[in-house]
Every structure is written in structure tokens, then in C-alpha cells.
Amino acid sequence: PGIVELFDFGRGPDGRAYIVMELLEGETLRDRMRRGAMPIRQASVFARQIASAVALAHDAHIIHRDLKPDNIFLIPDAEVEGGERVKVLDFGVANQLNQQRPVGEHTAIGVLIGTPAYMSPEQCRGIAEIDGRADIYSLGIVFYRMVTGQLPFESAGTGELIGKHVYERPPSAHEIEPEVPLELSNLIDRCMAKSPDDRFPSMQAVVAALRELGLDEGEELEPDTIRPQPPVLSAGEGEPAGKTPP
């Protein structure tokens, strides 16, 4: 239920490809975050739902490679905490792990795949073979922005932004927003570690760590409760690199 449902696909009479997906009513996570940083519990609920959904994709040997607020949709659902459910969208640049293909058919080294503001260091380097830990890095950035109201890295240019992902350590979420508990800030930092080996080993491990913190438990959530802050957008939050908009 955390991944958008696909009903059909094919080609029309004129040869153009099409897909038929479920109609969702709600808003993107990016639209929600434009109104300010979220309460810790609400952000933790959404982060756990995102991690759970993407973990299933990883179990099917699929990595998303473009996890960002534009690709996360929030829909009303009375059966889940807070009354809203996350839907992960747009696997358009996803990659299948362990797929045997002839040399030359892998993503070329030096080709950037993803959206610069949310890309892992290994994606920024153009490394061809990446795994699910790249999605964990992107989730860390999404989580960081949910609780602080801003991105960990800001830059006027894409090249500088990519360099920051590779080389710079951002201020912790707790440094930006003291209301963020240190334990949660440390969890986000681990998701955003430069080396994949220093991150959580899997999305399921992220889910388990969030459950252990227990920050998504407590009083009833108000679905649209926010801490008003001016939205901060980055030059790297537009269309993903390596992907042409329709």
C-alpha cells in the first residue's frame, strides 16, 4: 500500500508508451513541507512509512534512485496513524540489482542519475553500481528537511551542490532545530553518512531503528500540524539529472 499501484501499460496506436496508475487524492510531501517544518512525531511516521515501502522494492531487487519529496505523496487513510498514508511514486530511473546484462548496457560511469539535492555521494560520483544504501541517503535528506524545514546542503549551482554531497559534513538536524532529539538527529546523520558502509545496512534496519526510538508513538496526530518556517528551495531540487521531463 505504500507504493503507487500500476494497473496497465503498453503502447497506443501511434506507438507512444503509456502507463495507467491509480488516481491519488492528496498532496506531495514537497507541497506539505512548503508550509514549514513538521512536528517530530509526524515526520517520524512518514519516514517509517517511506522506509517500509522502499524496503519492499529493495526486497524485489529494485532501487529507486530518485527518492525526494516530489516523489512522495500523502493521501488520507483513517487506518494508519495520523490519518495519512505515504505513497512512493515515480520509479522512472529505478535500477534492478543483480541483473545480468551485457557489458555496455549498465548505467554509464560519469552519468548522473537522480535529483542533485537528494543524491547520494556515490550517485554524485557517477558510480555505475550502487545499491539500496543510496536510497537510505536520500531518505536521510528527506527526513532532515521534514524536521528542520531546510536542506542540509544549499548552493546556487549544481556542481557545487554535488561537491558538498561528496565532501562536506552538514550541520546536524539538532544543531539547526534544537527540538529534534539527539537520538533522532544521530539516526538522520547515519542515513546521510558519506560512505555506504557507515549507513544503515538496509531500509528494514532504518524501520527497526525508528521503532526503537518510539518517536512515532503518543497522542493523536493532527494531519496538517506544522511549525511555520520559510521554505528553502535549492537549485538542485528541479528535474532529476539523467531524466528528461515529459
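What about the pattern of salt bridges?
Inspection of the entire model under this criterion finds 14 salt bridges. Across the pair Arg-34 and Asp-31 runs a salt bridge, and its minimum N-O distance is 3.9 Å. Note on Arg-34: relative accessible area 37%, which makes it partly exposed. Of the residues examined, Asp-31 reaches a relative accessible area of 34% and is grouped as partly exposed.

Quick look at the confidence of the model for the chain
Put simply, the chain has an average pLDDT of 84, and 79% of its residues get 70 or more. Low pLDDT, under 50, characterises residues 100-110; the predicted model gives this stretch 11 contacts beyond four residues in sequence or across chains. A low-confidence stretch, residues 219-233 (pLDDT under 50), is modelled with 47 contacts involving residues beyond four sequence positions or located in other chains.

Looking at the packing of aromatic side chains
If you walk through the whole model with that rule in mind, you get zero aromatic pairs. Over the aromatic face of Phe-200 sits the side chain of Arg-190, whose NZ or CZ is 4.1 Å from the ring centroid.

Here we look at the sheet that holds strand β3 (residues 27-28)
The strand order across the open sheet built from three strands is β3-β5-β6, with neighbouring strands paired in antiparallel fashion. The two strands at the open ends of the sheet, each matched to only one other strand, are β3 and β6 (84-88). Where β3 meets strand β5 (residues 72-76), two bridges bridge the pair, whose relative direction is antiparallel. Considered in β5, the bridge of Glu-27 is made with Leu-74. This element, helix α2 (residues 40-59), spans β5 and β6 of the sheet and lies at about 40 degrees to β6.

Rules of the game
Residues numbered from 1 in each chain as written. Predicted model: local features only at pLDDT ≥ 70, side-chain atom pairs only at ≥ 80, totals over all residues. Heavy atoms only, no water. Salt bridge = Lys/Arg side-chain N within 4 Å of Asp/Glu carboxyl O. Buried < 20%, exposed > 50% of the residue type's maximum accessible area, 1.4 Å probe, protein only. pLDDT = per-residue confidence, 0-100. Contact = heavy atoms within 4.5 Å. Phe/Tyr/Trp six-rings, centres within 6.5 Å; stacked < 30°, edge-to-face > 60°. Lys NZ or Arg CZ within 6 Å of the ring centre and 35° of its normal. Pairing = 2+ DSSP bridges. Helix = DSSP H or I, 4+ residues; strand = E, 2+ residues; numbered from the N terminus. Axes fitted to C-alpha atoms, helices over the stretch in contact; angles between N-to-C directions.

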